Every structure is written in C-alpha cells, then in structure tokens.
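Residues per chain are reported as follows:
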Amino acid sequence: MWGFWREIDDLVFQDNDDIQARFRNLGSARVVGGEAELAWRGWKERLELRINGTWEEARNLTVDGELSVFRDDRIPNRPFLYGSAQLRLAENSFFAAGDRAELYGNGRYTSEFFFSFESAGDEDLKEVVPSQLTADIGATYTFPEFNEWIFALATELRNVNDAELFDFQSVPRPGRSFFAKLSVSYR
C-alpha cells in the first residue's frame, strides 16, 4: 500500500465542449491518492489471487485565467477510483511432461467521471462516462518442447458480462469478444 501527493504547474489536459475536444493548460493542479494491492499464492504455487485498487483525486488549483472559475473541480476525463482482480490457476505437466496449462479470470472496475469540469453547466444535463465493471476469462496451453520448438495456444473471452464500456472520450468500446492465438517460437 502506498500514497502519493503531487503539486503540478502547467498541467496539460484534454477538455471537451459540445463541439470538440482540445488540449488545455491548467496553471496549477494537485493530485493526491493511494494505491493498494493484495496478492496471494497457494495450493502448491498453482493458484494465484491478486486484487488492486487506486483512488486518485486530481484537482484544479488555478487562481488566474479563464480556468480559475473551475478552481477545486476535479480535472475532467479522469476516473477517481479504479481497480482490478485476477485469479489464475496453473499446472505444469498437465497432460504430458513439460507442458503447462493455465486458466484465468480478470475483473476491472472504473468509477464514473465527468466529461468536462464538474461545476460547469446544469448538473442534471452533464455528460458523464458511466462507471464500468467488466470481466474476462481465458486459458493458455503450452505444449511440451519439440526439437527446440515451443508451441502455445491461448484463448480469451473478453467482456464476459457484455457490459457497456467506454474510453476516456466516452467512445463505446467493443462488447463481448473472443480471441485465439497460436504462438510458435524456436530456441
């Protein structure tokens, strides 16, 4: 667990209005936050659980200029809370000597955040990027080495819960999707 405090002069950030997004300069800003991670490995080193979270309070401290009217507002396009959790189960020599099989699941959370300064405009009409919670599952199988060749097959189902996801521009991201990859390497 750790924390951070950062005083920033001339912070460039992306601001949005009804027509376009543009980069602007804040004269002064403060970012305060903390991060924690918990990791556990057990059951003969086969099972691993990892959970982490970050809280970040990024505030405008500008006292002069047009952006000073938003003093003490959160800086737009930045979530203040996010975290993830991973669970991984792995086994060496699963089907044959020298192979490896892994199953995993990931979950991610991002809090909602404003698209523009929080005190600008009517609160009932403000655009927000909604909070997001999504999960992925996957499996990887690494075949036993064959004459210095290594083959691995990985599959992943992303966004299992088919949640509505958005990037920091509030642009929709893909829904549920499936991926498979075959990797070949030579020693």
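Structure's up top.
Residues numbered from 1 in each chain as written. Predicted model: local features only at pLDDT ≥ 70, side-chain atom pairs only at ≥ 80, totals over all residues. Heavy atoms only, no water.

Draft legend 1. Looking closely at a nonpolar patch on the surface. Taken together, the side chains of Phe 143, Phe 146, Trp 149, Leu 153, Leu 182, Val 184 and Tyr 186 make up a nonpolar region of the molecular surface, amounting to roughly 720 Å² of accessible area. Elements with a contribution of two residues or more to the nonpolar patch: β9 (149–158) and β10 (177–186). Here the nonpolar patch gets three residues from one element, more than from any other, and that element is β10. Its place among the elements puts Phe 143 in the loop between β8 (132–142) and β9. A residue is classified by how much of its surface remains accessible, and Phe 143, at 36% relative accessible area, is partly exposed. (Patch = residues over 30% accessible without salt bridge, like charges linked within 9 Å, V, L, I, M, F, W, Y side chains within 5 Å. Areas by Shrake-Rupley, 256 points an atom, 1.4 Å probe, with all protein chains shown as cover. Salt bridge = Lys/Arg side-chain N within 4 Å of Asp/Glu carboxyl O. Helix = DSSP H or I, 4+ residues; strand = E, 2+ residues; numbered from the N terminus. Buried < 20%, exposed > 50% of the residue type's maximum accessible area, 1.4 Å probe, protein only.)

Draft legend 2. The sheet that holds strand β2 (residues 21–42), seen in detail. Strand order in the open sheet formed by eight strands is β1-β2-β3-β4-β5-β8-β9-β10, and the pairing between neighbours is antiparallel. The two strands at the open ends of the sheet, each matched to only one other strand, are β1 (2–16) and β10. Looking at each pair of strands side by side, their axes are set apart by 20 degrees on average, direction ignored. Examined bridge by bridge, β2 and strand β3 (residues 47–60) share 14 bridges and lie antiparallel to one another. Bridging from a neighbouring strand, Gly 42 pairs with Leu 47 of β3. (Pairing = 2+ DSSP bridges. Axes fitted to C-alpha atoms, helices over the stretch in contact; angles between N-to-C directions.)

Draft legend 3. Focus on the pattern of salt bridges. The final tally for this structure, using the stated rule, is 17 salt bridges. Close ionic contact of Glu 48 with Arg 50 constitutes a salt bridge, the shortest N to O distance being 2.9 Å. For Arg 50, a relative accessible area of 26% translates into the label partly exposed. The salt bridge involving Arg 88 is made with Glu 102; its shortest N-O contact spans 2.5 Å. Of this pair, Arg 88 sits in strand β4 (residues 81–92) while Glu 102 sits in strand β5 (residues 100–110), placing them 14 residues apart in sequence. Accessibility expressed as a relative area gives 32% for Arg 88, which makes it partly exposed. A residue is classified by how much of its surface remains accessible, and Glu 102, at 16% relative accessible area, is buried.

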